[in-house]
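Spelled out from the first residue to the last, the chains are:
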Amino acid sequence: MQKLSLDAQVRDQLKRAAAGSTGRSADTVYGGHEHVLRQTVIALTEGTTLAEHESPGEATVLVLHGRVRLLSGEDAWDGMTGDLLIVPDARHSLEAVEDAAVLLTVAKLG
């Protein structure tokens, strides 16, 4: 059994994002390429965007801190701390409305 503090991960990743030139930071806290399930804490400074990209498979974004906007085509979903956003099975992007951290959960088959 393993335990980790998401609060500590959020603090660490937000510090790294603020210090970095890209305004973002990420760390996979569970899984990886050898697993079906992967969970990654991603921190973004206000105004930073993860550019539009293909859907990674079944995925959710749990907002751990701050506010984000998930965009896909003409649709947009706003999320704040505690909100769970279902990632659409289409090209999408994620932007930080304010400094934010999310837990991206992806189940990738095949």
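Residues numbered from 1 in each chain as written. Predicted model: local features only at pLDDT ≥ 70, side-chain atom pairs only at ≥ 80, totals over all residues. Heavy atoms only, no water.

An unreviewed UniProt entry annotates the protein as Cupin domain-containing protein originating from Actinomadura meridiana.

Visitor: Looking at this structure, I do not really get the pairing of strand E2 (residues 37-44). What am I missing?
Guide: For a regular strand, the rule is simple: side chains alternate between the two faces of the sheet. Examined bridge by bridge, strand E1 (residues 24-31) and E2 share seven bridges and lie antiparallel to one another. Among the inter-strand pairings, alanine 26 is bridged to a residue of E2, identified as isoleucine 42. The antiparallel pairing of E1 with E2 creates a hairpin that spans five residues between the two strands, and glycine 32 there sits at a positive phi of about 150 degrees. Relative to strand E9 (residues 100-107), E2 is paired through eight bridges, and the arrangement is antiparallel. The residue of E9 that forms the bridge with threonine 40 is leucine 104. (Pairing = 2+ DSSP bridges. Helix = DSSP H or I, 4+ residues; strand = E, 2+ residues; numbered from the N terminus.)

Visitor: Where do I start with the pairing of strand E6 (residues 75-80) in this structure?
Guide: Judged from the six bridges that link them, strand E5 (residues 67-72) and E6 form a sheet pairing that is antiparallel. When the bridges of E6 are listed, serine 72 appears paired with aspartate 75. Once E5 ends, the chain turns through two residues before running back antiparallel as E6, passing glycine 73 with a positive phi of about 60 degrees.

Visitor: Sorry if this is basic, but what is going on with helix H1 (residues 6-19) here?
Guide: Residue pairs spaced three or four apart in an α-helix point in one direction, given the helix's 3.6 residues per turn. The end-to-end C-alpha separation of H1 is 20 Å, in line with the 20 Å expected for 14 residues at 1.5 Å each. When we look at burial in H1, the residues that qualify are Gln9, Val10, Gln13, Leu14 and Ala17. Viewed end-on, H1 has its buried residues packed into an arc of 125 degrees, placing them on one side of the element. Exposed side of H1, more than 90 degrees from the buried face: Asp7, Arg11, Lys15, Ala18 and Ala19 are the residues found there. Buried residues along H1 sit in contact with E1, E2, strand E4 (58-65) and E9. Between the side-chain oxygen of the N-cap and the backbone nitrogen of aspartate 7 there are 3.4 Å, and the N-cap of H1 in question is serine 5. (Expected span 1.5 Å × (residues − 1). Buried < 20%, exposed > 50% of the residue type's maximum accessible area, 1.4 Å probe, protein only. Arc of directions from axis to C-beta. Contact = heavy atoms within 4.5 Å. Polar contact = N/O pair within 3.5 Å; in protein donor to acceptor, adjacent residues only side chain to side chain.)

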